[in-house]
Structures are given as structure tokens and as C-alpha cells.
Amino acid sequence: MRTPDNTNNPLGLMATLASWHGDSLTVHDSTQWPHNVRTSLATIFKVPESGIRVLAPFVGGGFGAGLRVWSHVILTVLAAREVKRPVKLVLTRPEMFTSVGHRPNSVQRIRIGATRDGDLVAIEHHGISSVAMEDDDYEPVSFGSATAYACPNVLTRDRQAWLNIPCPGSMRAPAEGQGNFALESAIDDVAHAVGMDPLEFRLRNYAEEHPLLGLPWSSKALRECYIEGAERFGWSRRTPEPGSMKDGRWLVGYGLAGVSYPFYQVPCQARASVRWDGSAYVRSAATDIGTGTYTVMTQLAAEMLGLGIGKVRFDLGDSDMPYAPQAGGSGLTGALANAVHTACRRLVQEFLHVVAEDPDSPLRGAVLDDVTVTDGRIHRVGDVALGESYVEILARHGLEELSADGRSTPPRSDELGMATAGAFGPKFVEVRVDPDLGLLRVARVVSAIDGGRILNEKTAASQIIGGTVGGISQAMFEETATDRGTGRIANATFGDYLMPVNADVPDMEVLFVGGPDRATAVGTKGVGEVGLVGLAAAIGNAVHHATGRRIRSLPITLDQLML
């Protein structure tokens, strides 16, 4: 199985603006991680981190390209220091193909053994991917195969080929995007070989516990995702034989891919304040790359503080704010939400400390478990009258505002007695294939997603839809072509690098299945990348069902489908 180089192509070009003021530095950057930029620049230019401020309140996409401090950022800061004036640098589109990373190609070999009854007995998955000579980017494409199914014998191994190429980097769903294509294509081949429906085969080999740890998952609604997704898609209409479904001259194929996306969270901090007028201000040095971080954190803070949405302001994208990790790995919402949750709880606790000995307060002596918050008021549980507003407490005690900090730390499986779970999300796809011309059209996609607690269904569904388009693009369009003679990228423009347009995007439906994850207080799981994973395999499986032809390299092109 082969997957090609793909290039991160956010619509907004990567840009940096740097300005020195003595030994102090202000940088505006298209970054997905302001604190990383600050730390890196402090090390390179030998100045204190406290003298550097990195601002990224709005980032026009990134898909992983903004996770590193690339050379153009360093050169911009250096130029600004030399000319003693602000300097702005914007990459051109061709430079985006060589300067800010790419999804590395892969060659994968996978062997699967199963009984005639459809029980998996062995999976062996080897992957090799490219990396630049001077780089250490590592994408274990076989990683997901170790925990995807209940199989007693699993061997995975990944190697890297060191080449004279531009540095690879993370691109939406790194490693999983490539590895799932090989695994789920092979799973379909085995199901076909034993004469079993692909959905039935996956359910038969469902991993009820974490296959390596032997622990129950903190949450896993993958089985329900399969069942509800199949019902919504109409999987029961699928006839088993390849080439047996037609619509006029078009061959029709139904394809499925299972998806188990890994858990990822890192430490995060946030600060929450309530001001004299009853408004709240919550902040953290995170970024919003179109995922809806501004929106969902405002909602969460409003819920925790008992305020209307209009009374809460959430800010991000400033390295002077409390530390936040990168917007990547589908981990920011979980890490940041738990930090905001803790900060808001501690802020309510601070108000209780203020009135702890106040004889005029109906909250005197109350502890956090005794109270709840509604409409800007803290009151005792079960009695709205026994309470007072934030405004009243601040005014009576002569305070302009109260603030509290919160931090989150990643949950650990050994401490929880549960295996921390990422998102799950099988994909169901219908394709049409013209047998004479080799034309391939994706007609429908149904994604059934277990993302834990969904803080905002509209923004979460938008992430799955965007990931779905990215998955279609990976399956049918994207390939960064390198000229073997010169080493140059041969298609480094939007005119030559193929991506789907509106006419290529089918009807898409997103279902959210399952409930809050038990590993954290907020119960969220990231959904930024699970939407992409599985589309390439599901489309390939649907093509096999339509034509009987197994596609083993991406992208799927006309010459592979002409019968």
C-alpha cells in the first residue's frame, strides 16, 4: 500500500511580522502555538522569554503547518533586528510547498490472518515513510493497528527513509491518515475472503477493552456508531458481490472503514475573572484555527459561571496569557476546556472565600459543594433566594474584580484504571464508477462520531465536514509531485496541485453518538482529525465493491479504474 506526499494548503499564506523595541520583541505570526514561538525565539536570539510577545488571535487555517517555528519566522525576526524597523514576510504559494512541512509519503506492508469463521488471529503491519536528512519528524503509520481490533497477535513496525527533501511535518491526522488506509483496506479484503459482510466482520472483532492494556475504555461508543451509522446510511441495501449494484451505466459501491483515533492531551492553563459590572473575562494563550475555540470556551465559561453568553469574553492567541499547548493533535479542546472548567470553579470558590465571614451574606460559611450559579448569582443548592450576585459581593467588599487560575493535566490510564480513549468514527461511503471512462464520484458520506461530550454541535459537525472533504481530497486528488531530476516540487500552485471543489463534494451527514468521556471533568474528546481518517479506505473499499478492483495506492486515478 502506498500513500504520496501531501502538502498543507491553508487558504491563508503563512506570514510573520516582527518588531523590536530595544531588547523587547513583538511578533505577529501564523502559528498554532504562540508559546512555542516565544520559547524558540528566546533561545535563538538569547533574550528572556518575558521580553517576547507572540500574537496570533486569528489564524486562517494551518492543518499542522503552524505547529513549528519555521525558518521564515526566524529570518523575519533577524531582519527586523538588523534594520531596526518592523519587518513583515509573507510566503508565496510555491514557498508553502517547501517551507512549512508536508505529509510524508509511505510504503506499507500488511498481513492479516483470520479463521474461516471471521475471527482475527494475527495482524502484521510494517510502514516506511520519508524524512528530511536534517529533520526528526516521526510518523508511526502502523501505530493504530495495535489497538484497532481484538486480535491476539499483533506486530507493528515503522522505519524512516532519510532523503534530501523539504522537512515533513504534521498534516491533519498525521500517521493515522496514512496507516488507516492500509489497515482498513486489508480488513475489507479479509472479510471478502471469508465471505462475511464487512460491517459484521468489524463487529465480530470489536475490542471491548484496550487490547494492550487490558483496561476498559474511558468511553467507547464505536459499536453504537457502526450500528447507527449503518442504519442512517442504508447499509442493509448493499449486495455482497462486487459489481452487483448499478444505476444506469454507473457501477455503485458501498464502502466502510472503522476509525479509532488515539487519545492526546497535554497540560494547559487558563485564567478567569469576574469584574465589578458582572461580566467575565477568561483567557489562555491558545489559538483558534477555525475549530471554534472562541465559541466553545465562551459557552463553557458561561455555563460554569452561571452567566449569559453576552456577559462572557474569551480571549486567546497571546503568549502573555496563561500557557496553552498547540492547536493540534485533537487535544486542545480537551486540555483547554478542563483548564477553563477548573479556573471557573476556583473563581466561584474565591467569591465564597470573600464572604466566608461576612455576617451580611446568605452565603456565609458555604463551601463549593453547597452552592450553584444561576443568572450571575451564587446561591445555595435548592434555594435560589439564599444567595447574592457577583456584583453585590464585589461592591460590598470594595473590589473591582476577582480572578482565579486553573490548570489541567492529562489523565493517566494507570491512575484511572481505564484506558484513555480518543474519538471513534466509522465512515460509510457510496461511490459511482463509470466503467468505460474510469470516472469516480463520491455520492454520499455518513460519519458516525463518538467525540465524548460535544460542547457545540454546529462547530463540531463543521470539523467533521471539513475533515471529510480533506479525506476525499487525500483519496482522490492530492499528490505533491517531485521532479526526480532536480528535486523540485513540480506542482506547487493551486493550478497544478489538485484539490476538490464544490462539485466534488457530496452529500455529507454527521451523527454524534455516545456520551461524555469519563477520564476528565468536562468529558470532551477531540474531533478535529477523526473526520479525515477512514475516508481514503472507505472510498477504496467502495470502489472495490463497485468494480472488484482493489486500489493499493493513493490518489485513486482514472487509469486505475478503467476496466
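Residues numbered from 1 in each chain as written. Predicted model: local features only at pLDDT ≥ 70, side-chain atom pairs only at ≥ 80, totals over all residues. Heavy atoms only, no water.

Peer 1: Explain the overall build of the protein to me, using residue names and the numbers behind them.
Peer 2: Counting its regular elements, the protein contains 13 helices and 20 strands. Taking 2.2 N^0.38 as the reference for a compact globule, 563 residues should give roughly 24 Å; the C-alpha atoms of the protein span a radius of gyration of 26 Å, in line with that estimate. Taken over the C-alpha atoms alone, the protein extends approximately 85 × 65 × 45 Å along its principal axes. When each of the 563 residues of the protein is scored for burial, the buried share is 56%. If you take every contact in the protein between residues at least 6 apart in sequence, the share linking residues at least 24 apart comes to 76%. When the accessible area of the protein is evaluated, it comes to approximately 23400 Å², of which 51% is carbon and sulfur surface. Positive and negative side-chain charges of the protein, numbering 52 and 64 respectively, have mean locations separated by a distance of 3 Å. (Helix = DSSP H or I, 4+ residues; strand = E, 2+ residues; numbered from the N terminus. Rg over C-alpha atoms; globule rule 2.2 N^0.38 Å. Buried < 20%, exposed > 50% of the residue type's maximum accessible area, 1.4 Å probe, protein only. Contact = heavy atoms within 4.5 Å. Areas by Shrake-Rupley, 256 points an atom, 1.4 Å probe, with all protein chains shown as cover. Lys, Arg positive; Asp, Glu negative; His and termini not counted. Charge placed at Lys NZ, Arg CZ, Asp CG, Glu CD.)

Peer 1: Break down the pattern of salt bridges for me, with residues and values.
Peer 2: Considering all chains together, one arrives at 28 salt bridges under this definition. Its salt-bridge partner being arginine 271, residue aspartate 405 comes within 2.6 Å of it at the nearest N-O pair. With aspartate 405 in strand β17 (residues 401-408) and arginine 271 in strand β11 (residues 268-275), the pair connects residues that are 134 residues apart, well separated along the chain. Residue arginine 271 is classed as partly exposed on the basis of its relative accessible area of 29%. Arginine 432 is paired through a salt bridge with glutamate 430; the nearest N and O atoms lie 2.8 Å apart. Relative accessible area serves as the criterion here: at 21%, arginine 432 is assigned to the partly exposed category. (Salt bridge = Lys/Arg side-chain N within 4 Å of Asp/Glu carboxyl O.)

Peer 1: Can you explain the packing of helix α1 (residues 34-45) against helix α2 (residues 71-83)? Please cite residues and give values.
Peer 2: Two numbers describe how α1 lies on α2: the axes approach to 11 Å, and their chain directions differ by 55°. Comparing their axes, α2 and α1 come out oblique. Once α1 is placed against α2, the crossing between them reads as right-handed. The residues of α2 that touch α1, namely those facing Val37, Leu41, Ile44 and Phe45, are Val73, Ile74, Val77, Leu78 and Arg81. The residue inventory of the contact of α1 with α2, partitioned by class, reads eight nonpolar, no polar and one charged. (Axes fitted to C-alpha atoms, helices over the stretch in contact; angles between N-to-C directions. Parallel < 35°, antiparallel > 145°, perpendicular 65-115°, else oblique. Left-handed = near helix turned anticlockwise from the far one by under 90°. Nonpolar A, V, L, I, M, F, W, Y, C, P; charged D, E, K, R; others polar.)

Peer 1: Lay out the environment of glycine 64 in plain terms, naming residues and giving numbers.
Peer 2: Its place among the elements puts glycine 64 in the loop between β4 (52-55) and α2. According to the relative accessible area criterion, glycine 64 is buried, its value standing at 10%. Taking C-alpha positions, glycine 64 is 16 Å from threonine 293, a pair spaced 229 residues apart along the chain.

Peer 1: Describe the sheet that holds strand β3 (residues 24-29), listing the residues and the values that go with them.
Peer 2: With respect to topology, four strands assemble into an open sheet ordered β4-β3-β2-β5, the strand pairing being mixed. Either end of the sheet is taken by a strand with one partner, and the two such strands are β4 and β5 (87-90). The average angle at which neighbouring strand axes cross in this sheet is 15°, direction not considered. Strand direction decides the pairing type here: strand β2 (residues 15-21) and β5, joined by four bridges, are antiparallel. When the sheet's bridge partners are listed, alanine 15 is paired in β5 with valine 90. In the packing of α1 onto the sheet, contacts are made with β2, β3 and β4, and the angle to β4 comes to roughly 145°. Lying over the sheet, α2 contacts β2, β3 and β5, oriented at roughly 35° with respect to β2. (Pairing = 2+ DSSP bridges.)

Peer 1: Can you break down the environment of proline 325 residue by residue, with the values?
Peer 2: Mapped onto the secondary structure, proline 325 falls in the loop between β13 (312-315) and α8 (332-354). We classify proline 325 as buried; its relative accessible area is 1%. It is 6.4 Å that separates the C-alpha atoms of proline 325 and tryptophan 33, two residues lying 292 residues apart in sequence.

Peer 1: Explain the pairing of strand β16 (residues 383-389) to me, and be specific about the residues and the numbers.
Peer 2: Of the pairings in the sheet, the one linking strand β15 (residues 377-380) to β16 comprises four bridges and is antiparallel in character. Its bridge partner lying in β16, isoleucine 378 is registered against glutamate 388. Between β15 and β16, which pair antiparallel in sequence order, lie two residues; one of them, glycine 382, sits at a positive phi of approximately 90°.

Peer 1: How would you sum up the packing of helix α11 (residues 457-476) against helix α12 (residues 535-547)? Please name residues and give values.
Peer 2: Where α11 meets α12, the closest approach of the two axes is 8 Å, and the angle between their N-to-C directions is 55°. As the angle between them shows, α11 and α12 are arranged oblique. Like other packed secondary-structure pairs, α11 and α12 cross with a definite hand, here right-handed. Along the contact surface, α11 presents Thr468, Gly471, Ile472, Gln474, Ala475 and Met476, while α12 presents Leu535, Ala536 and Ile539. A class-by-class count of the residues in the contact of α11 with α12 yields six nonpolar, three polar and no charged.

Peer 1: Summarise the packing of aromatic side chains; cite the residues concerned and give the values.
Peer 2: Counted by the stated rule, this structure contains 10 aromatic pairs. Considering the side-chain rings of tryptophan 235 and phenylalanine 428, the 5.9 Å spacing of their centres and the 70° angle between planes classify their relative orientation as edge-to-face. Pair noted here: tryptophan 235 is in the loop between α6 (222-233) and β9 (246-247) and phenylalanine 428 is in strand β18 (residues 427-433), with a separation of 193 residues, a long-range link. Linked through ring pairs, Phe233, Trp235, Tyr254 and Phe428 together constitute an aromatic cluster. In this arrangement the basic side chain of arginine 444 is found over the ring face of phenylalanine 233, its NZ or CZ atom lying 4.1 Å from the centre. (Phe/Tyr/Trp six-rings, centres within 6.5 Å; stacked < 30°, edge-to-face > 60°. Lys NZ or Arg CZ within 6 Å of the ring centre and 35° of its normal.)

Peer 1: How would you sum up the sheet that holds strand β1 (residues 2-3)? Please name residues and give values.
Peer 2: The strand order across the open sheet formed by four strands is β1-β6-β7-β8, and the pairing between neighbours is mixed. Each edge of the sheet is formed by a strand with only one pairing partner; in this case those strands are β1 and β8 (154-163). Bridge analysis of β1 against strand β6 (residues 106-114) gives two bridges, and the strand direction is antiparallel. The partner of threonine 3 across the bridge, within β6, is serine 106.

Peer 1: With reference to specific residues and values, describe the side chain of serine 130.
Peer 2: Mapping serine 130 onto the fold places it in strand β7 (residues 120-132). Given the relative accessible area of 4%, serine 130 is considered buried. Only 3.0 Å separates the side chain of serine 130 from the side chain of asparagine 105, close enough to count as a polar contact. The residues touching serine 130, leaving out its near neighbours within four places in the chain, are Asp5, Pro104, Asn105, Ala161, Leu163, Ile165 and Pro168. (Polar contact = N/O pair within 3.5 Å; in protein donor to acceptor, adjacent residues only side chain to side chain.)

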